[in-house]
Amino acid sequence: LPGAGTCYQQAKRVLHAAVPDRLHARERETGIIRQFLREHVCGRRPGSLYVSGAPGTGKTACLSRVLLDCKDELAGSKTITLNCMSLSSPQGVFPAVAQQLGLPAAAGREGVRRLEKQLTARGPMVLLVLDELDQLESKEQDVLYTLFEWPRLPGSRLVLVGLANALDLTDRSLARLGARPAGSPRLLHFPPYTREQLTAILQERLAQVAGDPVLDAAALQFCACKVSAVSGDARKALDVCRRAVEVVELEVRSQTLLKPLPGGE
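From a predicted model like this one, the values you see are computed outputs, not experimental measurements.

Before going further, it helps to spend a moment on helix H11 (residues 234-258). Relative to the 36 Å expected for 25 residues at 1.5 Å per residue, H11 spans 37 Å between its end C-alpha atoms, a close match to the ideal helical length. Buried residues of H11: Ala234, Ala237, Leu238, Cys241, Arg242, Val245 and Glu249, and no others. The N-terminus of H11 is capped by aspartate 233, whose side-chain oxygen sits 2.8 Å from the backbone nitrogen of arginine 235.

Right under this line is the structure:
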């Protein structure tokens, strides 16, 4: 079957959860993030944004897309991106940020004090993006509270963007911040994808593969229906379809090995 192998390879490639050029059904959220960064980083106004939503609803993908699109605008500032999953403890976020800012390592209170001094000294704006922010929850919630306090310090040049699965993380951990609404984080929630949105995402990805559809429309609908009922997680939907392509590929391969090709080629 000339080219058959390549069409399955292509299909599996486009179904990977990479950041696409355009995020379907996330135009509103992308616009809000872009506007926030322009207003605060480019406008030199410290502030914080808290992005919530279940896994696979496009939080990280949207932010990555905006950071790529606004690369030139953000060139005058320092961007630090950390995935909190990689930290061994919530307190580990402070030395990790210090290292990115080129500060000598210092543990505990001293390290936090040095960071605060650095972030309130003159200099370019610092955009700190913390993904998987839920990992920084601790008994006293002091780590999260300290981080969200930083943009409110006099002379601060920090813009903080936190991404988390929990919708109520700010209610639970940052209740003290709410007492001063002027400085509490801006909230942005990503709802789960609907069946229609998931179908459109899968169709959009597979449309990049030339030739006949590798998976038919009914199969995509079925996958979107099942995933939207459980989680609305686009990564899950892409994963299911990728596995389906692998199954089809194996079937075609075994048939090709068993039967002579038409026309005796």
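This part takes up the side chain of arginine 157. With respect to the helices, strands and loops of the structure, arginine 157 is situated in the loop between helix H6 (142-149) and strand S4 (158-164). This buried residue, arginine 157, is left without a salt bridge; glutamate 116 holds the nearest opposite charge, at 13 Å. In terms of polar contacts, arginine 157 uses its side chain to reach the backbone carbonyl oxygen of alanine 121, at 2.8 Å. Once you skip the residues sitting within four places of it in the chain, arginine 157 turns out to touch Gln118, Leu119, Ala121, Arg122, Gly123, Pro124, Met125 and Val126.

Our next topic: the pairing of S4. Both faces of the sheet carry side chains from a regular strand, because those side chains alternate between them. Of all seven residues in S4, seven are buried; the element is thus mostly enclosed. Every second residue of S4 is oriented toward a common face, with Leu158, Leu160, Gly162 and Ala164 on one face and Val159, Val161 and Leu163 on the other, all of them buried. With five bridges joining them, strand S3 (residues 126-131) and S4 adopt parallel strand pairing. Within S4, the residue paired with valine 126 across the bridge is leucine 158. A crossover connection joins S3 to the parallel S4 through H6; in handedness this β-α-β unit is right-handed.

The interhelical angle for the contact between helix H9 (residues 195-206) and H11, taken along N-to-C directions, is 50°, at an axis separation of 10 Å. With respect to each other, H9 and H11 are oriented oblique. Crossing handedness for the pair H9 and H11: right-handed. Here Leu198, Ile201, Leu202 and Arg205 of H9 lie close against H11, whose contacting residues are Ala234, Ala237, Leu238 and Cys241. Within the contact of H9 with H11, the residues separate by chemical class into seven nonpolar, no polar and one charged.

Reading the values: rules and limits
Residues numbered from 1 in each chain as written. Predicted model: local features only at pLDDT ≥ 70, side-chain atom pairs only at ≥ 80, totals over all residues. Heavy atoms only, no water. Helix = DSSP H or I, 4+ residues; strand = E, 2+ residues; numbered from the N terminus. Expected span 1.5 Å × (residues − 1). Buried < 20%, exposed > 50% of the residue type's maximum accessible area, 1.4 Å probe, protein only. Polar contact = N/O pair within 3.5 Å; in protein donor to acceptor, adjacent residues only side chain to side chain. Lys, Arg positive; Asp, Glu negative; His and termini not counted. Salt bridge = Lys/Arg side-chain N within 4 Å of Asp/Glu carboxyl O. Contact = heavy atoms within 4.5 Å. Pairing = 2+ DSSP bridges. Right-handed = clockwise from strand over helix to strand, strands pointing away. Axes fitted to C-alpha atoms, helices over the stretch in contact; angles between N-to-C directions. Parallel < 35°, antiparallel > 145°, perpendicular 65-115°, else oblique. Left-handed = near helix turned anticlockwise from the far one by under 90°. Nonpolar A, V, L, I, M, F, W, Y, C, P; charged D, E, K, R; others polar.

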